[in-house]
Amino acid sequence: MLRIPRLLCLCLCWPALLFAQKKNEAWKLPLTRAVSPVKIDGVIDEEAWRNAPVAKDFRMVLPMDTSAAKLRTEVRMVYDQQRLYILVENYTDGSKPYMVESLRRDFSFLKNDNFILFMDPFDDQTNGFAFGANAAGAQWDGLMYDGGKVDLSWDNKWVSAVKNYPDKWVFEAAIPFKTIRYKKGVTQWGINFSRNDLKTTEKSAWAPVPRQFPTASLAYTGTLQWDSTPPPAGPNISIIPYLLGGVSKDYAAHGNTTWRRDAGLDAKIGITSSLNLDLTVNPDFSQVDVDKQVTNLDRFELFFPERRQFFLENGDQFSNFGYSTLRPFFSRRIGLGVPIQFGARLSGKLNKDWRLGLMNMQTAAKDELLLPAQNYTVAALQRRMFTRSNLGFLFINKESLNYTPTQEAGKPVYSQYNRNFGLEYNLASSNNFWTGKAMVLKSYSPDRSGSDWATAANLQYTSKVWNIGWQHEYVGHNYNAEVGYVPRRGYIKVAPTATRLFFPVSGQVLSHGPQVTSTWFMDEQFHRTDNETMLNYGFVFRQRNTLNVWTSNTYIRLLQEFDPTNTGKDSLAVNSTHSWNTVGADYVSQPQQLFTYAFSARYGGYYAGGRRLMLNTELGYRFQPYVSIALSANYNDIRLGAPWGYNSFWLVGPRLDVTMTNTLFFTGFMQYNEQMKNINLNTRLQWRYRPASDLFIVYTDNYLPEPFYVRNRALVLKLVYWFNL
């Protein structure tokens, strides 16, 4: 199996050799020092803005990328010794009000009139920062990775203002140099500006981007040309303490009321302008959004994304290694139900070609589970290759401290250590048409040897009309990633896919076309275990609503016992085979409406000759810009023979977002899960009283639906303050 990734590395290299020049090299915006102080208020009355060069003549990206943008957008940028400033005039026709969801931070890009800045300080077309706002003033910021993805969980210090005029809305912002990472002496940064206007359904960009790619695609940035070397960020040390008080009670266990009095500390230390050291002592994540529940009818472990702030900055070096179901590192394995005592992470750029990531976390012992204290070490090194590709190395070590596994009856057994080594080549051509990956992983555990490798590769071609891809994986039955997410082992997988789009000259349909995907799993002897083949036909309308209709064929040979309802009634036998056909449809409404909705449905066979109907809906209404109401509802109707019989599961989740200002937010979220027999209520009040400094009040309830009573209840008050030294 090891020859496959070597061959694929050679095959994947050739597209990178074909494209060597930056696509939008001709788009340049001169950046000059401000000739006067700048006040962030959305009012254009400073001399600095009158003298600044202008980026204009935006190009349309959607609905089509063949013409100039209809709406005028003009961007100016200047800097002083401490900050980078941006001023944007977003002109409108004045006939309709702006469209936004609310003042909620990190809003949904496609559901808001907005402006976003994508910045690539190393001009490596792979990593960067994003800053922006919607037309009501809600901020949007994130870390960029993989050449065009944005992690919105990142949060840092910067200020902005939006002011509305009859013919335009103005966005003005100041971004401290201490907030971003950049290399000293580099005078050309990658830059692009994106504008989304729901009234006209137009998305545009300053440096042109093909419509099949997001405007965040760093392969298509222009150049921010500094008039001199950027000012040094200077001493960059931030201390972020928190104080916490709380009370909780477990009614189901007839427990006593428990009081919490806690404190902790985070610190950010700029080793260089592009390399950062993060420290944490006794971290707490009680203010993080609860996971969105799902009806679990899967044979394998479900995936829930990381939401904790400490693990997110430059986290792509660790967490993006591998594929969605073959990840050697998954940070949620650290501190899962166990307190984290302290941790440190060194991450960032060594220079334009090298990135480094080092992380060490220490968790406490948990006596009631006889779980020992554990230490986690992760090291990642990445070397840029060709224009936008890179070669990465990953090492993961999980160690149980002062612990020897015991075979004593009745006592849980934990691993003494688990280690993983990985090597990965990521392909990205300069025009982004070719992307791919080839990787190999090796695990080390004291009780496993042989068949402890994993290899995988994929190659994808994306043009305006074609999207063609291939992926395959091999995971040995002894491959062990205790700090990763690998829901199944001992398999070989192949997954080809092909999509063809057609673009009518006129009419309501903007594009349409078929997609064929097929996923095959085999055991290590190449015997088929399961496969699914799907034919989908999709429509994208000019008002941005979408419709997909599909049909699929599924075959499964069970490799372990499985309860098809996950209710504990009974299990299907190992090696039993099951096959069925399914039809389905998905529809998403126009995002520019105050009332938005999405529906999906599937109907067909199921395990053991049964039938399954699934209906799902997402409803939303906004009283812009202050209130957004959403309701998600999922219904599954499963009909099987004895002993399961008729089963139905409701999963309902209403959500209320109230944004009194762009610094004061209230969120209420309820989830009723019939399968888990639980009702969860979570409310959070957040007051951002200073940039990156917050007061949180979080209240959580869990109820048993029948008979209705409280399972547990908790109230937490948390104060966070960001000091810059």
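Note that the structure is predicted; figures quoted are calculated from it, not measured.

**With respect to the overall build of the chain**
So, step 1. Secondary structure assignment for the chain yields 3 helices and 39 strands.
So, step 2. Seen through its C-alpha atoms, the chain measures out along the principal axes to roughly 75 × 60 × 55 Å.
So, step 3. A buried classification covers 52% of the 725 residues belonging to the chain.
So, step 4. Total accessible area on the chain is roughly 31400 Å²; 59% of this is exposed by carbon and sulfur atoms.
So, step 5. Separation between the mean location of the 78 positive side-chain charges and that of the 63 negative ones in the chain comes to 3 Å.

**Here we look at the side chain of D563**
So, step 1. If you trace the backbone, D563 turns up in the loop between β29 (546-557) and β30 (577-588).
So, step 2. Put simply, D563 is tucked away with no salt bridge, and the nearest opposite charge, on K569, sits 8.0 Å away.
So, step 3. A polar contact of 3.5 Å, which involves the side chain of D563, links it to the backbone nitrogen of K569.
So, step 4. Other than its neighbours up to four places away in sequence, D563 contacts G568, K569, D570, S571 and W644.

**Observations concerning a nonpolar patch on the surface**
So, step 1. Residues L350, W354, L381, L391, F393, F421, L423 and Y444 make up a contiguous nonpolar surface patch of about 640 Å² in total accessible area.
So, step 2. Within the residue set of the nonpolar patch, elements represented by two or more residues are β21 (389-400) and β22 (417-428).
So, step 3. Among the secondary structure elements, L391 is positioned in strand β21.
So, step 4. Residue classification places L391 among the partly exposed residues on the basis of a relative accessible area of 33%.

**Points about the packing of aromatic side chains**
So, step 1. Enumeration according to the criterion identifies 38 aromatic pairs in this entry.
So, step 2. Ring geometry for Y537 against F539: centres 5.3 Å apart, planes inclined by 50 degrees, an arrangement best described as tilted.
So, step 3. On the basis of relative accessibility, which here comes to 28%, the residue Y537 falls in the partly exposed class.
So, step 4. Note that K437 overlies the ring of Y323, its terminal NZ or CZ placed 5.1 Å from the centroid.
So, step 5. Looking at R655, its charged tip hangs above the ring of F669, at a distance of 5.5 Å from the centre.

**Quick notes on the side chain of K168**
So, step 1. Relative to the helices and strands, K168 is located in strand β11 (residues 168-176).
So, step 2. Of the residues examined, K168 reaches a relative accessible area of 14% and is grouped as buried.
So, step 3. Looking at K168, its side chain comes within polar contact range of the side chain of E89, at 2.6 Å.
So, step 4. Setting aside residues no more than four positions away along its own chain, K168 makes contact with I44, E89, N90, Y91, T92 and K163.

**Comments concerning unusual backbone geometry**
So, step 1. Here the amide bond leading from L62 into P63 is cis, since omega sits at 5 degrees, within 30 degrees of zero.
So, step 2. Topologically, P63 is positioned in the loop between β3 (59-62) and β4 (73-79).
So, step 3. Cis geometry is adopted by the peptide bond preceding P625, which originates at Q624 and carries an omega value of 5 degrees.
So, step 4. Residue position: P625 is located in the loop between β32 (611-623) and β33 (627-639).

**Topic: the pairing of strand β38 (residues 709-720)**
So, step 1. With 9 bridges connecting them, strand β15 (residues 237-250) and β38 associate as antiparallel partners. Across the sheet, V247 pairs through a bridge with L715, a residue of β38.
So, step 2. Here strand β37 (residues 693-704) runs beside β38; their pairing, made up of 11 bridges, is antiparallel. Paired with Y703 across the two strands is V710, which belongs to β38.
So, step 3. The antiparallel hairpin formed by β37 and β38 contains 4 residues in its connecting segment.

**Notes on the nonpolar core**
So, step 1. With 37 residues, the main nonpolar core has V75, M77, L84, I86, F115, F171 and F193 as its most contacted residues.
So, step 2. Among the elements of the structure, β1 (28-33), β4, β5 (83-91), β6 (114-120), β7 (128-134), β11, β12 (188-197) and β14 (222-226) are those that each provide at least two residues to this core.
So, step 3. Top contributing element to this core by residue count: β11, with 4 residues.
So, step 4. Contact partners of L84, with chain neighbours within four places excluded, come to L31, M77, V78, Y79, M119, A173, A174, I175, F177, W189 and W226.
So, step 5. Counting 27 residues, the second largest nonpolar core, distinct from the first, contains V475, V486, Y491 and F521.

**So, the pattern of salt bridges**
So, step 1. Evaluated as defined, the whole model comprises 33 salt bridges.
So, step 2. One salt bridge in this structure joins R333 and E301, with 2.9 Å as the shortest N-O distance. Here E301 lies in the loop between β17 (275-281) and α3 (316-319) and R333 lies in the loop between α3 and β18 (340-349), a separation of 32 residues in the sequence.
So, step 3. Of the charged contacts in the structure, one is a salt bridge between R557 and D523, with a shortest N-O distance of 3.6 Å. Of this pair, R557 sits in strand β29 while D523 sits in the loop between β27 (509-522) and β28 (528-541); the two residues are 34 residues apart in sequence, bridging distant segments of the chain. There is no split in this pair, since R557 and D523 are both buried.

**Let's talk about the confidence of the model for the chain**
So, step 1. Looking at the chain, the pLDDT average stands at 90 and 97% of residues meet or exceed 70.
So, step 2. Note that pLDDT drops below 50 for residues 1-19; the model gives that stretch 37 contacts with residues more than four away or on any other chain.

**Quick word on the environment of F303**
So, step 1. By the element assignment, F303 lies in the loop between β17 and α3.
So, step 2. For F303, a relative accessible area of 37% puts it in the partly exposed group.
So, step 3. A C-alpha to C-alpha distance of 28 Å links F303 and G609, two positions 306 residues apart in sequence.
So, step 4. With sequence-adjacent residues up to four places away left out, F303 is seen in contact with R327, F330 and Y485.

**Examining the pairing of β12**
The two faces of the sheet receive side chains in turn, since in a regular strand these alternate between them.
So, step 1. Burial of β12 is extensive: 9 of the 10 residues sit out of reach of the surface.
So, step 2. As defined by bridge partners, β6 adjoins β12 across 7 bridges and the pair is classed as antiparallel. Each bridged residue has a counterpart across the sheet, and for I116 the counterpart in β12 is S194.
So, step 3. Pairing analysis gives 4 bridges linking β12 to β14, with the strands arranged antiparallel. Bridging from a neighbouring strand, I191 pairs with G222 of β14.
So, step 4. Examined bridge by bridge, β12 and strand β13 (residues 202-205) share 4 bridges and lie antiparallel to one another. Bridge pairing in β13 links D197 to E202.
So, step 5. In sequence, β12 turns back onto β13 through a hairpin of 4 residues, with T201 there showing a positive phi of about 55 degrees.

Calculation rules
Residues numbered from 1 in each chain as written. Predicted model: local features only at pLDDT ≥ 70, side-chain atom pairs only at ≥ 80, totals over all residues. Heavy atoms only, no water. Helix = DSSP H or I, 4+ residues; strand = E, 2+ residues; numbered from the N terminus. Buried < 20%, exposed > 50% of the residue type's maximum accessible area, 1.4 Å probe, protein only. Areas by Shrake-Rupley, 256 points an atom, 1.4 Å probe, with all protein chains shown as cover. Lys, Arg positive; Asp, Glu negative; His and termini not counted. Charge placed at Lys NZ, Arg CZ, Asp CG, Glu CD. Salt bridge = Lys/Arg side-chain N within 4 Å of Asp/Glu carboxyl O. Polar contact = N/O pair within 3.5 Å; in protein donor to acceptor, adjacent residues only side chain to side chain. Contact = heavy atoms within 4.5 Å. Patch = residues over 30% accessible without salt bridge, like charges linked within 9 Å, V, L, I, M, F, W, Y side chains within 5 Å. Phe/Tyr/Trp six-rings, centres within 6.5 Å; stacked < 30°, edge-to-face > 60°. Lys NZ or Arg CZ within 6 Å of the ring centre and 35° of its normal. Pairing = 2+ DSSP bridges. Core = buried A, V, L, I, M, F, W, Y, C linked by side-chain atoms within 4.5 Å. pLDDT = per-residue confidence, 0-100.

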